[in-house]
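Listed below are the residues making up each chain.
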Amino acid sequence: MMEEDQFLEVGKVDEISIGKMKHVQVQGKEIVICNVGGKFYAMDDRCGHMNARLSMGNISNEGIVTCPFHGARFDATTGKKVKEPVLMPSQEMEPLPKTWQNYLEYAGELMSYIKTYDQQIYEVHVEGNALKIRTNNNKSD
Ligand code: FES
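The sections below set out a description of the structure shown in this document. Fair warning: this is a prediction, and the values are worked out from it, not measured in the lab.

1. Structural notes on a nonpolar patch on the surface
Move 1: Residues Trp100, Tyr103, Tyr106 and Leu110 make up a contiguous nonpolar surface patch of about 490 Å² in total accessible area.
Move 2: In this fold, Tyr103 is placed in helix α1 (residues 98-112).

Below, the structure is given as C-alpha coordinates:
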(Lines give C-alpha, C1' and ligand atoms only; values in the text may rest on other atoms or scores of the structure.)
Protein backbone atom coordinates (compact mmCIF):
# COMPACT_ATOMS: atom_id res chain seq x y z
CA MET A 1 0.00 0.00 0.00
CA MET A 2 1.16 3.53 -0.84
CA GLU A 3 1.89 5.90 1.97
CA GLU A 4 -0.45 8.87 2.07
CA ASP A 5 2.24 11.47 1.62
CA GLN A 6 4.42 9.78 -0.94
CA PHE A 7 5.92 12.00 -3.63
CA LEU A 8 6.65 10.37 -6.97
CA GLU A 9 9.17 11.59 -9.51
CA VAL A 10 7.42 12.68 -12.73
CA GLY A 11 10.15 14.52 -14.60
CA LYS A 12 13.19 16.75 -14.51
CA VAL A 13 13.32 20.46 -13.75
CA ASP A 14 15.38 21.16 -16.89
CA GLU A 15 12.77 19.47 -19.14
CA ILE A 16 10.21 22.24 -18.58
CA SER A 17 11.48 25.75 -19.16
CA ILE A 18 9.74 28.87 -17.86
CA GLY A 19 6.35 29.37 -19.53
CA LYS A 20 6.09 25.74 -20.68
CA MET A 21 3.91 22.75 -19.77
CA LYS A 22 4.43 19.02 -19.82
CA HIS A 23 1.96 16.13 -19.84
CA VAL A 24 2.78 13.27 -17.47
CA GLN A 25 0.98 10.13 -16.41
CA VAL A 26 1.30 8.85 -12.91
CA GLN A 27 -0.78 6.25 -11.10
CA GLY A 28 -3.40 6.32 -13.85
CA LYS A 29 -3.80 10.10 -13.67
CA GLU A 30 -3.03 12.49 -16.51
CA ILE A 31 -1.39 15.58 -15.07
CA VAL A 32 0.07 18.75 -16.57
CA ILE A 33 3.17 20.23 -14.94
CA CYS A 34 3.48 23.98 -15.51
CA ASN A 35 6.53 26.18 -15.04
CA VAL A 36 5.22 29.61 -14.02
CA GLY A 37 8.08 32.06 -13.65
CA GLY A 38 10.42 29.33 -12.41
CA LYS A 39 7.96 27.77 -9.94
CA PHE A 40 6.30 24.44 -10.72
CA TYR A 41 2.60 23.66 -10.42
CA ALA A 42 0.62 20.54 -11.27
CA MET A 43 -3.06 20.02 -12.06
CA ASP A 44 -5.23 17.51 -13.91
CA ASP A 45 -4.41 17.62 -17.61
CA ARG A 46 -7.96 16.72 -18.67
CA CYS A 47 -10.05 19.88 -19.01
CA GLY A 48 -12.93 20.19 -16.52
CA HIS A 49 -15.23 20.93 -19.47
CA MET A 50 -14.97 18.09 -21.98
CA ASN A 51 -11.69 16.37 -21.23
CA ALA A 52 -9.36 17.89 -23.82
CA ARG A 53 -5.69 17.86 -22.87
CA LEU A 54 -4.79 21.25 -21.41
CA SER A 55 -1.10 20.59 -22.06
CA MET A 56 -1.89 20.91 -25.79
CA GLY A 57 -3.20 24.44 -25.23
CA ASN A 58 -1.37 27.60 -24.23
CA ILE A 59 -0.01 29.01 -21.00
CA SER A 60 0.52 32.71 -20.27
CA ASN A 61 3.43 34.15 -18.30
CA GLU A 62 1.07 34.44 -15.33
CA GLY A 63 0.22 30.74 -15.49
CA ILE A 64 -3.23 30.99 -17.10
CA VAL A 65 -3.76 27.84 -19.18
CA THR A 66 -6.13 28.03 -22.15
CA CYS A 67 -7.82 24.80 -23.26
CA PRO A 68 -7.19 23.99 -26.94
CA PHE A 69 -10.79 22.81 -27.45
CA HIS A 70 -13.21 25.59 -26.41
CA GLY A 71 -10.88 28.07 -24.76
CA ALA A 72 -11.81 27.65 -21.09
CA ARG A 73 -9.05 29.08 -18.89
CA PHE A 74 -7.61 27.81 -15.65
CA ASP A 75 -5.10 29.29 -13.22
CA ALA A 76 -2.30 26.70 -12.99
CA THR A 77 -1.35 27.94 -9.51
CA THR A 78 -4.80 27.23 -8.00
CA GLY A 79 -6.60 25.01 -10.54
CA LYS A 80 -9.50 27.49 -10.55
CA LYS A 81 -11.47 28.16 -13.70
CA VAL A 82 -11.01 31.82 -14.65
CA LYS A 83 -12.94 31.84 -17.94
CA GLU A 84 -15.84 29.79 -19.26
CA PRO A 85 -15.53 27.90 -22.55
CA VAL A 86 -16.63 29.56 -25.79
CA LEU A 87 -19.36 27.46 -27.35
CA MET A 88 -20.26 29.15 -30.62
CA PRO A 89 -18.09 29.36 -33.75
CA SER A 90 -16.44 32.70 -34.39
CA GLN A 91 -18.35 35.23 -36.50
CA GLU A 92 -15.20 35.67 -38.57
CA MET A 93 -15.42 32.13 -39.92
CA GLU A 94 -16.53 31.48 -43.49
CA PRO A 95 -20.28 30.85 -43.55
CA LEU A 96 -20.97 27.15 -43.12
CA PRO A 97 -23.59 25.11 -44.97
CA LYS A 98 -27.01 25.34 -43.31
CA THR A 99 -26.97 21.75 -42.08
CA TRP A 100 -23.65 22.43 -40.29
CA GLN A 101 -24.97 25.66 -38.82
CA ASN A 102 -27.98 23.77 -37.47
CA TYR A 103 -25.75 21.08 -36.07
CA LEU A 104 -23.40 23.57 -34.39
CA GLU A 105 -26.33 25.45 -32.89
CA TYR A 106 -27.68 22.19 -31.53
CA ALA A 107 -24.26 21.15 -30.19
CA GLY A 108 -23.83 24.62 -28.67
CA GLU A 109 -27.17 24.30 -26.90
CA LEU A 110 -26.24 20.87 -25.54
CA MET A 111 -22.86 22.18 -24.42
CA SER A 112 -24.43 25.14 -22.65
CA TYR A 113 -25.73 22.70 -20.04
CA ILE A 114 -22.28 21.22 -19.38
CA LYS A 115 -20.68 22.54 -16.24
CA THR A 116 -16.96 23.32 -16.35
CA TYR A 117 -15.20 22.30 -13.17
CA ASP A 118 -12.09 23.66 -11.50
CA GLN A 119 -9.01 21.48 -11.94
CA GLN A 120 -7.68 19.24 -9.19
CA ILE A 121 -4.19 20.43 -8.23
CA TYR A 122 -1.25 18.48 -6.83
CA GLU A 123 1.61 19.46 -4.57
CA VAL A 124 4.97 19.69 -6.38
CA HIS A 125 8.37 19.20 -4.74
CA VAL A 126 11.65 20.05 -6.39
CA GLU A 127 14.58 17.92 -5.23
CA GLY A 128 17.73 18.81 -7.12
CA ASN A 129 16.74 18.30 -10.75
CA ALA A 130 13.86 15.98 -9.89
CA LEU A 131 10.23 17.07 -10.02
CA LYS A 132 8.02 15.12 -7.67
CA ILE A 133 4.31 15.28 -7.10
CA ARG A 134 1.91 13.80 -4.63
CA THR A 135 -1.21 12.27 -6.14
CA ASN A 136 -3.05 11.03 -3.04
CA ASN A 137 -4.85 14.07 -1.82
CA ASN A 138 -6.51 12.55 1.23
CA LYS A 139 -9.97 13.36 -0.03
CA SER A 140 -12.49 13.28 2.75
CA ASP A 141 -15.56 12.96 0.50
S1 FES B 1 -12.81 20.77 -23.43
FE2 FES B 1 -11.73 22.39 -22.56
S3 FES B 1 -12.95 24.11 -22.96
FE4 FES B 1 -14.09 22.47 -23.77
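2. Structural notes on the packing of aromatic side chains
Move 1: In total, this model carries one aromatic pair according to the counting rule given.
Move 2: With a centroid separation of 6.3 Å and an interplanar angle of 85°, the aromatic rings of Trp100 and Tyr103 are classed as edge-to-face. Here Trp100 pairs with Tyr103, and both are found in helix α1, just three residues apart, close to one helical turn.
Move 3: One residue, Lys115, lies across the ring of Tyr117, its end atom 5.1 Å from the ring centre.

3. Some words on α1
Move 1: Over its 15 residues, α1 extends 21 Å from the first C-alpha to the last, a length consistent with the 21 Å expected when each residue adds 1.5 Å.
Move 2: Of the residues making up α1, those classed as buried are Ala107, Gly108 and Met111. What you see down the axis of α1 is that its buried residues fit within an arc of 105°, all on one side. Structural note: α1 exposes Lys98, Thr99 and Tyr106 on the side pointing more than 90 degrees away from its buried face.

4. Description of the side chain of Asn35
Move 1: By secondary structure assignment, the location of Asn35 is in strand β3 (residues 29-36).
Move 2: When its relative accessible area of 4% is taken as the criterion, Asn35 is described as buried.
Move 3: At 2.8 Å, the side chain of Asn35 forms a polar contact with the backbone nitrogen of Gly38.
Move 4: Those residues in contact with Asn35 that sit more than four places away from it in its chain are Ile16, Ser17, Ile18, Gly19, Lys20 and Phe40.

The rules behind each value
Residue numbering note: each chain is counted from 1, following its sequence as written. Restriction of local features to residues with pLDDT of at least 70 applies here, the model being predicted, together with a cutoff of 80 or more for giving and counting side-chain atom pairs; totals for whole chains, interfaces and linings are based on all residues. Here the side-chain values reflect all heavy atoms present in the structure, with hydrogen atoms and water set aside. Here, patches come from residues exposed beyond 30% relative accessible area and free of salt bridges, joined within 9 Å for like charges and within 5 Å for nonpolar side chains (Val, Leu, Ile, Met, Phe, Trp, Tyr). Computed by Shrake-Rupley with a 1.4 Å probe, the accessible areas treat only the displayed protein chains as cover when residues are assessed. Any carboxyl oxygen of Asp or Glu within 4 Å of a side-chain nitrogen of Lys or Arg constitutes a salt bridge here. Working definition: helices are DSSP H or I runs of at least four residues, strands are E runs of at least two. Numbering for both runs from the N terminus. Here the aromatic set is Phe, Tyr and Trp, taking the six-membered ring for Trp, and pairing holds for ring centres within 6.5 Å; pairs whose planes are under 30 degrees apart are stacked, those over 60 apart are edge-to-face, and all others are tilted. We call a charge positioned above a ring when the Lys NZ or Arg CZ atom is no farther than 6 Å from the ring centre and deviates by at most 35 degrees from the ring normal. One less than the number of residues in a helix, times 1.5 Å, gives the span that helix is expected to have. Working definition: with a 1.4 Å probe on protein chains only, accessible area under 20% of the residue-type maximum means buried, over 50% means exposed, and in between means partly exposed. This arc describes the spread of directions from the helix axis toward the C-beta atoms. Pairs of N or O atoms are called polar contacts if they sit within 3.5 Å, as long as, within protein, a hydrogen donor faces a hydrogen acceptor (for residues adjacent in sequence, only side-chain-to-side-chain pairs). By definition in these notes, contact holds between two residues if any of their heavy atoms fall within 4.5 Å.

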